[in-house]
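Below are the chains, spelled out letter by letter.
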Amino acid sequence: MLFIKNAHILPIVGEEIEDGCLLMERGKIVAVGAGIPAPQGAEIIDAQGRLVTPGCVEAHCHVGLDNEAMNWEGADFNEMVDPITPQMRAIDSINPLDPGLAEAVRGGVTTACTGPGSANVVGGSFAVIKLHGKRVDKMVLKDPAAMKCAFGENPKGCYGKAGGKAPMTRMGTAALLRELLFKAKRYREDKQAGKEPAFDMKLEAMLPVMAGEIPLKCHCHRADDILTAVRIAKEFGLRATLDHCTDGELIVEELAEEDYPVFIGPSLGHKSKIELANKSFTTPGVLNRAGLCISIITDAPVIPLQYLPMCAGLAVNSGLDKKEAWKAITINPARSLGVEDRVGSLEVGKDADVVIWTADPLTNIGGEAYITIIDGRVVYRRGDM
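Report follows, based on the coordinates. Note that this is a predicted model, so its numbers are computed, not measured.

**Some details on the pairing of strand 11 (residues 240–244)**
- Judged by how many residues are buried, strand 11 sits mostly within the fold: five of five residues are covered.
- Note: strand 10 (residues 216–220) against strand 11, five bridges, orientation parallel. Residue pairing across strands places His-219 opposite Asp-243, the latter belonging to strand 11.
- After leaving strand 10, the chain enters helix 5 (residues 223–236) and then returns to the sheet as strand 11, a path that is right-handed.
- As judged from the three bridges shared by strand 11 and strand 12 (residues 262–264), these two strands associate in the parallel manner. Counted as the bridge partner of His-244 is Ile-264 from strand 12.
- Note that the unit made of strand 11, helix 6 (residues 252–258) and strand 12 has a crossover that is right-handed.

Structure representation (structure tokens):
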């Protein structure tokens, strides 16, 4: 058992608790509130009035697949031999010992949805993992969690510009995706009708998408690309998330009509390509006020994952309500990823993923994790190497 006392608890779901307590046992939260007595035999942590929140949740990154301190040796996130590779699985590339995971934990991030990059029209499936462990199979919360697809510059730049093959245009990207979806739809219908079609690994990988079990994870920056993603998702009756959504502020009324989850970022750093011309930390606030479910993302390693709370703070500085900013890096991504029953808030029965902060990282640039707890175990204390 692990017991935190004298804490300023921000549970995300529910009211803040001054001088609160949190009890964890067997990896789960078993009590949270004020005036809870410490059970006999529990390990006690005195928060000394510090802020306590759930571990932060990253909705879109490539940590563990695009390894730090490596070049081609650790670039395991784009299978750039075919624009259609849904059969690729993130768990077969994730390196739990990538330093980016440990750094994220030291930054208060405990869960991430990580997977293939955006070179391909369809790149493969993402997985939601805890960010501490040595064996990815024991770190997985959800696999598959989403199927990556990409619109805009990246696929046509990788294949059309670099290789002289489809897709060379945005039309080509949409056509290749539609072709896969039509084939997957027929494949699924044939299997349901007992026709036993010839095994196709690509189409097998698409079955959870066609069944609505996981969403298309749509890489889309430019306004027209965002709405093409929406168009195709609606054509096939699919779930989708709109990842990056750089131009979202320009089409906020259209997005509000559709109400797809929106993952915004990376908004920090220079505008490295035309698609990023309109990136801004004002976008989360504008889309949130329009009623959209927003998550803030780092796209790590584009922005190192430990800076997810800082990105939320910069969005607050640009007009996003602070409570909504905390939701955008905790419960909102958890809900959009389908793991809200496990992570994203401090509620009884959920995983004991908890961060004690030196200061509120959304309002204090020096705020960082003092103690990080995953599944009820202390995995980082400030000063640890």
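**Details of helix 5**
- Taking 1.5 Å as the rise per residue, helix 5 with 14 residues should run 20 Å; its terminal C-alpha atoms sit 21 Å apart, in good agreement.
- Every buried residue of helix 5 is accounted for by Ala-223, Asp-225, Ile-226, Thr-228, Ala-229, Val-230, Ile-232, Ala-233 and Phe-236.
- Buried residues in helix 5 make contact with helix 3 (170–192), strand 10, strand 11 and helix 6.
- Within two residues after helix 5, Gly-237 carries a phi angle of roughly 65 degrees, on the positive side.

**Brief notes about the packing of helix 3 against helix 4 (residues 201–210)**
- Look at helix 3 against helix 4: their axes get within 9 Å of each other, and the N-to-C directions meet at 85 degrees. When the interaxial angle is binned, helix 3 and helix 4 end up roughly perpendicular. In this structure, helix 3 uses Leu-180, Leu-181, Lys-183, Ala-184, Lys-185, Tyr-187, Arg-188 and Lys-191 to contact helix 4, whose residues at the interface are Leu-203, Glu-204, Met-206, Leu-207 and Met-210.
- Partitioning the contact of helix 3 with helix 4 into residue classes produces eight nonpolar, no polar and five charged.

Quick notes on the rules
- Residues numbered from 1 in each chain as written.
- Predicted model: local features only at pLDDT ≥ 70, side-chain atom pairs only at ≥ 80, totals over all residues.
- Heavy atoms only, no water.
- Buried < 20%, exposed > 50% of the residue type's maximum accessible area, 1.4 Å probe, protein only.
- Helix = DSSP H or I, 4+ residues; strand = E, 2+ residues; numbered from the N terminus.
- Pairing = 2+ DSSP bridges.
- Right-handed = clockwise from strand over helix to strand, strands pointing away.
- Expected span 1.5 Å × (residues − 1).
- Contact = heavy atoms within 4.5 Å.
- Axes fitted to C-alpha atoms, helices over the stretch in contact; angles between N-to-C directions.
- Parallel < 35°, antiparallel > 145°, perpendicular 65-115°, else oblique.
- Nonpolar A, V, L, I, M, F, W, Y, C, P; charged D, E, K, R; others polar.

Note that every value here comes from positions in space, so none of it alone points to a role or purpose.
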